[in-house]
Amino acid sequence: MFTAAILVPSPPLLVPELAGAAAAETASLRDAVAVAAKALSALSSEWVAVGAGATTVDVPSEAQGTYLGYGVDVRVTLRPGHAENPDPELPLAALTAGWIRGTWAPDAVVDARILAADLPVERCAEYGAALREFLDRDDEPRGLMIVADGANTLTAKAPGAFDPRAEGVQARVDAALESGDRDALLALEPGLCNQLGLGGRVPWQVLAGVFDAPPSSCRTLYSAAPYGVAYHVGEWRP
């Protein structure tokens, strides 16, 4: 039984050991993720995480990972236990899901679904509908974690540099996530999103497919663009 979806971003700076001097600056983002994760943990301990990557791959709950490729050997697991043989190539969205789980929901078990970043809109919606059937397959409560980042072209110092189109597109995304507007998310155009470095298009369009009707409630816990990259933390409930 599907209980709720939480929306979180994926930046390594979420992890204090990797944030360095920026750890204090990103505390409000981290606090919002903590609230979302704890809320989902109170509803269910079986989670599916959806993110985007170079290729489509399912990451089972037995997987282990490390942030060593980002500078520090912070190890994560997708289920309770210690990471003895972490995979340094684990996709970032799976690493993020594992770190969030281990930090604020240690009893949870996560299966991560990484989808190709160029997946067409129709396929995203279809995937979301099939995922909803999976989440609702019996009475066992299940949660969904959408791991997605907004545009990385919002300022001159942003990783993708400045694009004047980014602010308007990101504003529409923010409004859709805050209000539960599935149609607005499905209207995101893949080519434009790619140009703007809006990496969350695929997971957010999967989210729109999971909800066959508007969510009964939405709440936004964080919405800002530190360092020129848009991050959103929130919750949708069916």
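Computed from a predicted structure; not experimentally measured.

Tallied over the entire structure, the rule returns 10 salt bridges. Residue Arg75 is joined to Asp73 by a salt bridge in which the shortest nitrogen-to-oxygen separation is 3.3 Å. Residue classification places Asp73 among the partly exposed positions, given a relative accessible area of 37%. Here Asp163 ties to Arg165 by a salt bridge, and the two come within 2.9 Å at their closest N and O atoms. Among the charged side chains, a salt-bridge network with shared partners connects Glu46, Arg137, Asp138 and Arg142.

Among the secondary structure elements, Pro106 is positioned in the loop between helix H3 (92–104) and strand S6 (109–116). Along the backbone, Pro106 and Thr77 are 29 residues apart, and their C-alpha atoms lie at a distance of 9.6 Å.

Take the sheet that holds S6 next. Pairing within the open sheet is mixed, and its 7 strands lie in the order S3-S6-S2-S7-S1-S9-S8. A single partner strand is all that each edge strand has here, and the edge strands are strand S3 (57–59) and strand S8 (217–224). With direction set aside, neighbouring strand axes in the sheet form an average angle of 15 degrees. Pairing between strand S2 (residues 46–53) and strand S7 (residues 142–147): 5 bridges, direction parallel. Paired with Val48 across the strands is Leu144, a residue of S7. Packed onto the sheet, helix H8 (residues 201–210) meets strand S1 (2–8), S2, S6, S7 and strand S9 (231–237) and runs at close to 150 degrees relative to S7.

What counts and what doesn't
Residue positions are counted from 1 within each chain, in the order its sequence is given. Given that this is a predicted model, residues contribute local features only at a pLDDT of at least 70 and side-chain atom pairs are listed and counted only at 80 or more, while totals for whole chains, interfaces and linings are drawn from all residues. Side-chain metrics in this entry use all non-hydrogen atoms of the structure; hydrogen atoms and water are not considered. We define a salt bridge as a contact between a side-chain nitrogen of Lys or Arg and a carboxyl oxygen of Asp or Glu at a distance within 4 Å. The rule is simple: take the accessible area with a 1.4 Å probe, protein chains only, and divide by the maximum for that residue type; under 20% is buried, over 50% is exposed, in between is partly exposed. Segments assigned H or I by DSSP are reported as helices when at least four residues long, segments assigned E as strands when at least two residues long, and all are numbered from the N terminus. Whether two strands pair comes down to DSSP finding at least two bridges between them. Note on geometry: axes are lines fitted to C-alpha atoms, helical ones only across the stretch in contact, with angles between N-to-C directions running from 0 to 180 degrees. We call two residues contacting when some pair of their heavy atoms lies within 4.5 Å.

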